[in-house]
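Chain by chain, the residues run as shown.
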4 protein chains.
Amino acid sequence: MDETFKSLVNALLKTSVTDQSFESMTTREKQIHQLLRHRKCPLDGWDESAIELLVNRLALMDSNNFVHNYGLGEREARFASPLVARRHYRLGHGIGRSGDICELQPKAIGSSLLNVLTNSLLLDVIQSVGVANTRACFVVPMATGMSLVLCLLTIRQSRPNAKFVIWPRIDQKSCFKCILTAGFTPVIIDNKILDNNSLETDVEAIEEKIKELGNENIVCILSTTSCFAPRNADNLEIISKLCLQQSIPHLVNNAYGIQSSKCMHLLETSSRVGRIDAFVQSTDKNFMVPVGGSIIAGFDTHFINEISSTYAGRGSSTPSLDLLITLLHLGINGYKTLLKERKDNYNYLKEQMKIIANKFNANVIENKSNQISIAMTLNMFSNSSIKETELGSMLFKRSISGARVVAIDGKTKTIGKYEFKNWGSHTNSYNDSYITAAAAIETQVKKDVSDVYNIYTTQAFYVQIPTDALSKSLAPID
Amino acid sequence: MDETFKSLVNALLKTSVTDQSFESMTTREKQIHQLLRHRKCPLDGWDESAIELLVNRLALMDSNNFVHNYGLGEREARFASPLVARRHYRLGHGIGRSGDICELQPKAIGSSLLNVLTNSLLLDVIQSVGVANTRACFVVPMATGMSLVLCLLTIRQSRPNAKFVIWPRIDQKSCFKCILTAGFTPVIIDNKILDNNSLETDVEAIEEKIKELGNENIVCILSTTSCFAPRNADNLEIISKLCLQQSIPHLVNNAYGIQSSKCMHLLETSSRVGRIDAFVQSTDKNFMVPVGGSIIAGFDTHFINEISSTYAGRGSSTPSLDLLITLLHLGINGYKTLLKERKDNYNYLKEQMKIIANKFNANVIENKSNQISIAMTLNMFSNSSIKETELGSMLFKRSISGARVVAIDGKTKTIGKYEFKNWGSHTNSYNDSYITAAAAIETQVKKDVSDVYNIYTTQAFYVQIPTDALSKSLAPID
Amino acid sequence: MDETFKSLVNALLKTSVTDQSFESMTTREKQIHQLLRHRKCPLDGWDESAIELLVNRLALMDSNNFVHNYGLGEREARFASPLVARRHYRLGHGIGRSGDICELQPKAIGSSLLNVLTNSLLLDVIQSVGVANTRACFVVPMATGMSLVLCLLTIRQSRPNAKFVIWPRIDQKSCFKCILTAGFTPVIIDNKILDNNSLETDVEAIEEKIKELGNENIVCILSTTSCFAPRNADNLEIISKLCLQQSIPHLVNNAYGIQSSKCMHLLETSSRVGRIDAFVQSTDKNFMVPVGGSIIAGFDTHFINEISSTYAGRGSSTPSLDLLITLLHLGINGYKTLLKERKDNYNYLKEQMKIIANKFNANVIENKSNQISIAMTLNMFSNSSIKETELGSMLFKRSISGARVVAIDGKTKTIGKYEFKNWGSHTNSYNDSYITAAAAIETQVKKDVSDVYNIYTTQAFYVQIPTDALSKSLAPID
Amino acid sequence: MDETFKSLVNALLKTSVTDQSFESMTTREKQIHQLLRHRKCPLDGWDESAIELLVNRLALMDSNNFVHNYGLGEREARFASPLVARRHYRLGHGIGRSGDICELQPKAIGSSLLNVLTNSLLLDVIQSVGVANTRACFVVPMATGMSLVLCLLTIRQSRPNAKFVIWPRIDQKSCFKCILTAGFTPVIIDNKILDNNSLETDVEAIEEKIKELGNENIVCILSTTSCFAPRNADNLEIISKLCLQQSIPHLVNNAYGIQSSKCMHLLETSSRVGRIDAFVQSTDKNFMVPVGGSIIAGFDTHFINEISSTYAGRGSSTPSLDLLITLLHLGINGYKTLLKERKDNYNYLKEQMKIIANKFNANVIENKSNQISIAMTLNMFSNSSIKETELGSMLFKRSISGARVVAIDGKTKTIGKYEFKNWGSHTNSYNDSYITAAAAIETQVKKDVSDVYNIYTTQAFYVQIPTDALSKSLAPID
């Protein structure tokens, strides 16, 4: 606490009952000191006063907010609109320099500090919720797909002649597109269908492909953890061991896996027995901030730094700021509570889906290493005049978003020059159409799932389908 | 206007003096209709009430802000922190889909509309301030450097065997790095020094290189308009003609060129006589929004669409929202007024620098096609014990940011495997050290430049340098 | 929903998946319609999007926010500071006209609507949580004390010769001062001490005074419900009956009584058997908004209107806006939940205090008609070298605010020309010193009370006092 | 600057280019120190960063924003709605204590500081813009009318037997109502019509009344400065002298007079030669903040303190906060610039009105001591089928607010038991109907007046009236 300020206040108010006020302000200063000193996500969340105290201070440290500043450059973080200035807390310089997205900007000390702090807190969080072995991470102000492109482009620099990316099929468009965008040739490994109808990495096929192509021609294996059921997370341990043995880089798409202890556990154990060069995750899906950022993390600081210095130019500080605010708001304890709730929600959702499935002789597919998404077969439609595909839009009209109907109809989708049969199902040859739902972080399961499944779906499935009247029954209630 | 609302208000207030209120609200609705109908930047800026009316409405159209919504997906635009939700007006879905950054998101109609509107308004602005021939443009939520990477990666898809990017040297790191990041081989073309000591594209050297490498092996020519003096904008017309003749793609880095009628004119005329595939510009430098976005524009809608569909994944809607707010705030007239002021400022700044230069037998270098940045030689330091390089930090300590000292000391800088002599000067062999200053949009020249140059610099240059006392004189005043 | 807007959006996005968006927007419009139509506090709280939609719309209806407005008056709701404009949602006209705080302002239809709505919703809330018989109420942008002054000044107009205000003693300064400020002579009725040491209205003394002074000379009886223990709420039923019989106006200070079903019940039943002209309550204490407003309510619309038309001039719309936002945020159900929690908290707090009291042979005083504040005697200090009065500041230093120590030391306090013995205790002759604590709405009892009483107080009382080491023990812990 | 913070930042960023940042922050701290030390309105306005730094800090000093606080009282500044908390910067305690609106609240040091600072800055402003002799002032969170009531009630305490308030007629309802509300008997002094048709105080009538009633029976003279033309400010000097001689208190309603150097000059000179007990002004009309506050100022600190201690209870801190923000935003220089512009606007408006008047043989009335409001006679309507009264609503429909038509039709208005002939014209017997317009602070005269008078009015007056087609011509244009 600033002694001059104190004594001026006391003199002005002619009182000394100000001790408590000053003490509280000192406590807030100490919170900031502690944050700067340890760069750990605080155990308990901060109140909004404390968060804004910090963020406003960071803004004041950038040159565009200096009391006196004469800007004669082409980039001085000017704002034309006060609304824009305000929503960015007057932070305008972004993060990084042309050399490196993690570099310090002399003109923007506050933004630079923001960048360092956010990355440090995230490292702490990733280590705390499962991947203790992580050595470095940083926020990239681009979505997951483009961050995977960045990782691939970084690998190219050390493997200029490699062309092939081995890719256990995962039917999410940007996961595949990132390979094409980076200019490489994808080698698609179809998944195996297990007895319980879940899908698993075909490790043998990978091994064979490596032999066939020659490991020096392979850019990397791009594996996936979080995904839609009934696909499991890839068999990360075995792939990692393979990569270690064969000296092939290994990139993991952990898009929304931070929220799942299963995914995090796979990363941690695999990093101990094999090779993972980097794992990439979305900020919005794991930390409930707007779309636009991702986190590249890894077990080797040097390689992670190489990626950050491959990014050409400055970047938006918005994802970093959103994350900093969110992490300070939640604290580690708050975040862990959300993770715990998510797990409970997953169990609850699965139970509910099983109840419905039982009514129709449908199945909820068991997924050992996918603890977020749940698939239920849609056998009941097989003799119905209603198409499975209509179900998705019916649900959407009932304000149920995120449920995904996968109709196994043998159709083909083309991405670039590549064709995929039964796109959406992660394999050419699945048997049953199905619907998926996810218990992602902050899904209001107790509220949403029960509303959705009990009120709408149960009614729809149970009563109407036998009489082919689903569409009618689902007409607006009011 | 909603008649039910009107009659309820009148019934409640027992009055009919409400006509003016309803009329004003109808006028605001009409503003929005007009925007949606014509997708032009309004002539006159909107007030903040109108801007927030629109933005809040966009937010209400996204599914996360529906009155009832059951989100069972892994990505539902949830917010953990109310501070984050608020600063984004509760817009969380970002823009685009995994397939294409310009695609519509059914879950996020408001964000999709935001995206379409911003891109349309920008097209209108670009056409209005000089490049009437432009056919398409879109905002990419990445900095200019990464957007150039994206353009290069897009070109690769149609020229898979081309390796070389011909690059007239421009000493801004990310301009060069983007070639390396994209995995290509840069072919550096040094600039010619004209008689007046300004730098110009060495067109002959380019022609020679094309012959040497073979046009089918060339990815593109990457030329530059806006840059630090004494480099001129590249000779865009000739390069464009060359590209047309030789069927070589042509990418233009127009980083902060929208603000300069010179740069815009070059693009327009070159597009009429030659080939330009895309031109890329920064949002922050041209439109005074925070760092983080760029605009890719071009004369062929098909190619611009290809670039947008090369982007893998969704993106942040922050740059689009900042731009939409800013354009509505300024209006075309407001923006043109700023451009006009910039031009005046440029002239004023140049005059001031000439006055100083005259005092020292230094020179302000004439730059015909660079009307933003101004270079003044620093001959006066040649016999001084003070190094030119100290001047930069002296100015920074006096809160003058953006002025750039380039010391011609023969030193070499390495980027990737490439070495650059006298990095910063755009050529290996410039004669004089110099200082640059820019009259960028919204530079407060009448205030800043006069303060800076009259109070500090003049004093410093005039009085102190002869007596070698610069460092002392510039010591903190108070 | 505006059809033009819909069709423009659909045309622009080339889609019809917009139905859900429009439906949600229509639902929000209907919420507003319903509010205007029924003027009831919604059962369930609105989300912030809906609240801001309404408030922003109200602002747009005021002439200062018209698209075109030419203000040639001396009062046009101009804003000099954008920060001020923003925090008031650009509402500047205040409420009421010089004639009447409830009158409509033609220049400010939105603010007028705000005023009507808030008053209507409050009436609904007051009726719903206990005083169903209420006929009218309005927000006054002045604190409770000044609103009591306003009521008294209104009564003067119909009883120009009356001078005396009969006032059962309640030791809160502004309750007494309002009589002096209004220019009347207070007639202080001391309270009776019951066997259980709680305090009760001395009805006989009141009756006697009426006889003595003559009812035509009495302005009114000013009674009190919510107060600090061990004072009970006044015996409202008997006083009301007396006022009816004697044709004496009756004003009730119900400062923080809306939160207590006990106080509300007293008002309701008394209004049925006797006379209550108006009851006045604080907005901040009952509805958790900033200090600055109060609510004047009554059972006769005509008299309440007279009070509102006695207010001279316009008033701030801030209290009304804060209340509107808060009521929409909570909804009736949300508010009732808080009231329920408060009751639970009261019981919990009382239990905890009894546990402590038992340890010291102190007493928690039973208060039949005071269910907010709780008093515990401080006998344990009688043989201690520590003074009871030090306890208050000790607690404050431990961040316990609101606990109040009343030391019975026979001292006298003077307000105006009036002397009060043992000020704070509501009577001249109480026996024991005591401490009070309140379980007011939103007190975090489960958290605060347990922390406070278990950690600090218990420890302090139990361990230290016998050894006279209280002050030492309470020294800062860290 | 906090050294720990500095060294932690430097350690973390591994740099020392942070000097400029810390220096700027120190400068901002010094701004705050200076404000606390001198309590003067800064010469130049602060930027929003500095204002929010201060306001946020004040909020942190209130106990409801302590890091740890256990509130066991009935009033702890809790917030139920985050929107409400945010718009008040989490300041909830209001200002003052039940004893005195200027007293310090131990629970709310920040709010107390806010209160002291605002009052100090206002005193500085009032002294600086004309009434150097002022000794004390404070903000009351009530409109001007109620503040006049408060002043009258305060005077009653020292003159318990006085009943009459001498009131030179000013036709603004709350100016009259305040006397009735305070419970006094108004003695109405009609104004004299001068040769130039302006109105002036009838000083002789006042003197006579004093003799008739006896000075000991007179509460005060309530005079007025700012008012609608053609009334002049009251003859303050003579009234003040009279009050001094006769020992009669003198209250001045200076509602929007701070903005007029004329009014301020009258107060200053009169205070030097005679008696003024207090002068009261509106905050919204003089400082462009929302309606809701007023400033009571005077030349005797003791009496001003008496008024503040007559206010019963706490008050809203909103007017004080709005004023503090506004004064810091403008600075003395900014405020004086606005005053200067107002004077220019007044001259411009008058000129324009004269041009119109000339066209119709109407008159703009000269008002020596009213330099805000301007009256123009409406003779042109005398032979027209259109009534003058319609003109007002015609103008309002054209979005011209604040112009006031006074039709001399001999009608009578009743306020309380009092009747006023030709209400609005300040006298029973004015000859001509007229229209008034005001050049108040921040009127956009160059824009508004020219639009209004040239486009609409001129057209209306000039073209249409002779042909009796005014109503038609003014029909909506589009």
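Residues numbered from 1 in each chain as written. Chains lettered and ligands numbered in written order. Predicted model: local features only at pLDDT ≥ 70, side-chain atom pairs only at ≥ 80, totals over all residues. Heavy atoms only, no water.

### Digging into the sheet that holds strand 11 (residues 373-377) of chain C
Each strand in a sheet pairs with another by means of backbone hydrogen bonds, the pair being arranged parallel or else antiparallel. Residues and elements named next belong to chain C. Read across the open sheet, the three strands follow the order 11-16-13; overall the sheet is antiparallel. Strand pairing shows two members of the sheet lacking a second neighbour, strand 11 and strand 13 (404-406), which therefore form its edges. Sheet twist, expressed as the average angle between the axes of neighbouring strands with direction ignored, equals 25°. With three bridges connecting them, strand 13 and strand 16 (residues 434-438) associate as antiparallel partners. Its bridge partner lying in strand 16, Arg404 is registered against Thr436. (Pairing = 2+ DSSP bridges. Helix = DSSP H or I, 4+ residues; strand = E, 2+ residues; numbered from the N terminus. Axes fitted to C-alpha atoms, helices over the stretch in contact; angles between N-to-C directions.)

### With respect to the interface of chain B and chain A
Each partner contributes to the interface: chain B provides 95 residues, whereas chain A provides 95 residues. The largest per-residue losses of area from chain B upon contact with chain A belong to Tyr70(B), Leu72(B) and Arg87(B), which jointly make up 13% of the total buried on that side. Between chain B and chain A we count two salt bridges in total. The partner of Arg87(B) in a salt bridge is Asp322(A), and the shortest N-O contact between them spans 2.9 Å. Between the two partners, chain B and chain A, sit 35 residue pairs in polar contact (both at pLDDT 80 or more). Taken together, the two bridges between strand 1 (residues 70-71) of chain A and strand 12 (residues 400-401) of chain B define a ladder with parallel strand orientation. Paired with Tyr70(A) across the two strands is Ile400(B), which belongs to strand 12 of chain B. (Contact = heavy atoms within 4.5 Å. Buried area = accessible area lost by both parts, 1.4 Å probe. Salt bridge = Lys/Arg side-chain N within 4 Å of Asp/Glu carboxyl O. Polar contact = N/O pair within 3.5 Å; in protein donor to acceptor, adjacent residues only side chain to side chain.)

### A word on the relation of the copies chain A and chain C
You can overlay chain A on chain C at an RMSD of 0.0 Å; the transform is a turn of 180° with a shift of 0.0 Å along its axis. The operation mapping one copy onto its partner corresponds to a two-fold rotation axis. No C-alpha of chain A lies nearer the rotation axis than that of Pro82(A), which sits 4.6 Å from it. Mapped onto chain C, 100% of the interface residues of chain A are again interface residues, and the two copies thus contact each other with one and the same surface. (Least-squares fit on C-alpha atoms with pLDDT ≥ 70 in both.)

### Some words on the environment of Phe176(D)
Residues and elements named next belong to chain D. Topologically, Phe176 is positioned in helix 7 (residues 173-181). C-alpha separation for the pair Phe176 and Gly145, spaced 31 residues apart in sequence, amounts to 8.7 Å. Dropping the residues within four chain positions of it, Phe176 is found in contact with Trp167, Pro186, Ile188, Ile415, Tyr418 and Phe420.

### Quick look at the confidence of the model for chain A
Residues and elements named next belong to chain A. Residues with a pLDDT of 70 or more make up 92% of chain A, whose mean pLDDT is 90. Segment residues 458-478: pLDDT under 50, and 40 contacts once partners within four positions in sequence are set aside and those in other chains are kept. Across the predicted assembly, pTM comes out at 0.95 and ipTM at 0.95. (pLDDT = per-residue confidence, 0-100.)

### Some remarks on helix 1 (residues 3-13) of chain C
Among all positions in helix 1 of chain C, only Phe5(C), Leu8(C), Val9(C), Leu12(C) and Leu13(C) are buried. Projected down its long axis, helix 1 of chain C carries its buried residues within an arc of 115°, all on one side. Residues Glu3(C) and Ala11(C) are exposed on helix 1 of chain C and point more than 90 degrees away from its buried face. The inward-facing, buried residues of helix 1 of chain C abut helix 2 (19-38), helix 3 (48-60) and helix 5 (109-128) of chain B together with helix 2 (19-38) of chain C. The N-capping residue of helix 1 of chain C, defined by a side-chain oxygen 2.9 Å from the backbone nitrogen of Thr4(C), is Asp2(C). Residue Lys14(C) follows helix 1 of chain C closely and has a positive phi angle near 50°. (Buried < 20%, exposed > 50% of the residue type's maximum accessible area, 1.4 Å probe, protein only. Arc of directions from axis to C-beta.)

### With respect to the side chain of Lys350(D)
Residue and element names in this part refer to chain D. Considering the arrangement of structural elements, one finds Lys350 in helix 13 (residues 318-360). Overall, Lys350 belongs to the buried group, its relative accessible area being 13%. Within the structure, the side chain of Lys350 is placed 3.1 Å from the side chain of Glu366, a separation counted as a polar contact. Look past the residues within four positions of Lys350 in its chain and what remains in contact with it is Val364, Glu366 and Ile374.

### Remarks on the pattern of salt bridges
All told, the structure shown has 76 salt bridges over all chains when counted by the stated rule. Among the ionic pairs, Glu48(D) bridges to Arg86(A), the shortest N-O distance being 3.5 Å. You can see Glu48(D) sitting in helix 3 (residues 48-60) and its partner Arg86(A) sitting in helix 4 (residues 82-87), one on each of two chains. Classification of Glu48(D) as partly exposed rests on a relative accessible area of 23%. Classification of Arg86(A) by relative accessible area gives partly exposed; the value is 30%. Here the salt bridges share partners, and the residues they tie into one network are Glu48(A), Glu52(A), Arg86(D) and Arg90(D).

### Some details on the packing of helix 5 (residues 109-128) of chain C against helix 13 (residues 318-360) of chain C
Residues and elements named next belong to chain C. Between helix 5 and helix 13, whose axes approach to 10 Å, the crossing angle comes to 30°. Classified by the interaxial angle, the pair formed by helix 5 and helix 13 is roughly parallel. In this structure, the crossing between helix 5 and helix 13 has a hand that is left-handed. Between helix 5 and helix 13, the contacting residues are Leu114, Asn115, Leu117, Thr118, Leu121, Leu122, Asp124, Val125 and Ser128 on the first element and Ser320, Leu321, Leu323, Leu324, Leu327, Leu328, Ile332, Tyr335 and Lys336 on the second. Residue composition of the contact of helix 5 with helix 13, grouped by class: twelve nonpolar, four polar and two charged. (Parallel < 35°, antiparallel > 145°, perpendicular 65-115°, else oblique. Left-handed = near helix turned anticlockwise from the far one by under 90°. Nonpolar A, V, L, I, M, F, W, Y, C, P; charged D, E, K, R; others polar.)

### Focus on unusual backbone geometry
All names here are of chain A. For the bond running from Ala229 to Pro230, omega is 5°, close enough to zero to count as cis. Tracing the chain through its elements places Pro230 in the loop between strand 7 (218-224) and helix 9 (236-246). The backbone of Lys14 sits at a positive phi, close to 50°, despite the residue not being glycine. With respect to the secondary-structure elements, Lys14 resides in the loop between helix 1 (3-13) and helix 2 (19-38). Among the residues examined, Lys14 registers a relative accessible area of 74% and is labelled exposed.

### A look at the sheet that holds strand 9 (residues 278-282) of chain C
Residues and elements named next belong to chain C. Strand order across the open sheet formed by seven strands is 2-10-9-8-7-3-4, with mixed pairing between neighbours. Single-partner strands in this sheet number two, and they are strand 2 (136-140) and strand 4 (185-189). Taken over all neighbouring pairs, the strand axes of this sheet differ in orientation by 20° on average, direction set aside. Bridge count for strand 9 against strand 10 (residues 294-298) is four bridges, and the pairing is antiparallel. Its bridge partner being in strand 10, Gln281 is matched across the sheet by Ile295. Against the sheet, helix 7 (residues 173-181) engages strand 3 (164-168), strand 4, strand 7 (218-224) and strand 8 (250-253), with an angle of about 145° to strand 4. In the packing of helix 12 (residues 301-310) onto the sheet, contacts are made with strand 2, strand 9 and strand 10, and the angle to strand 2 comes to roughly 15°.

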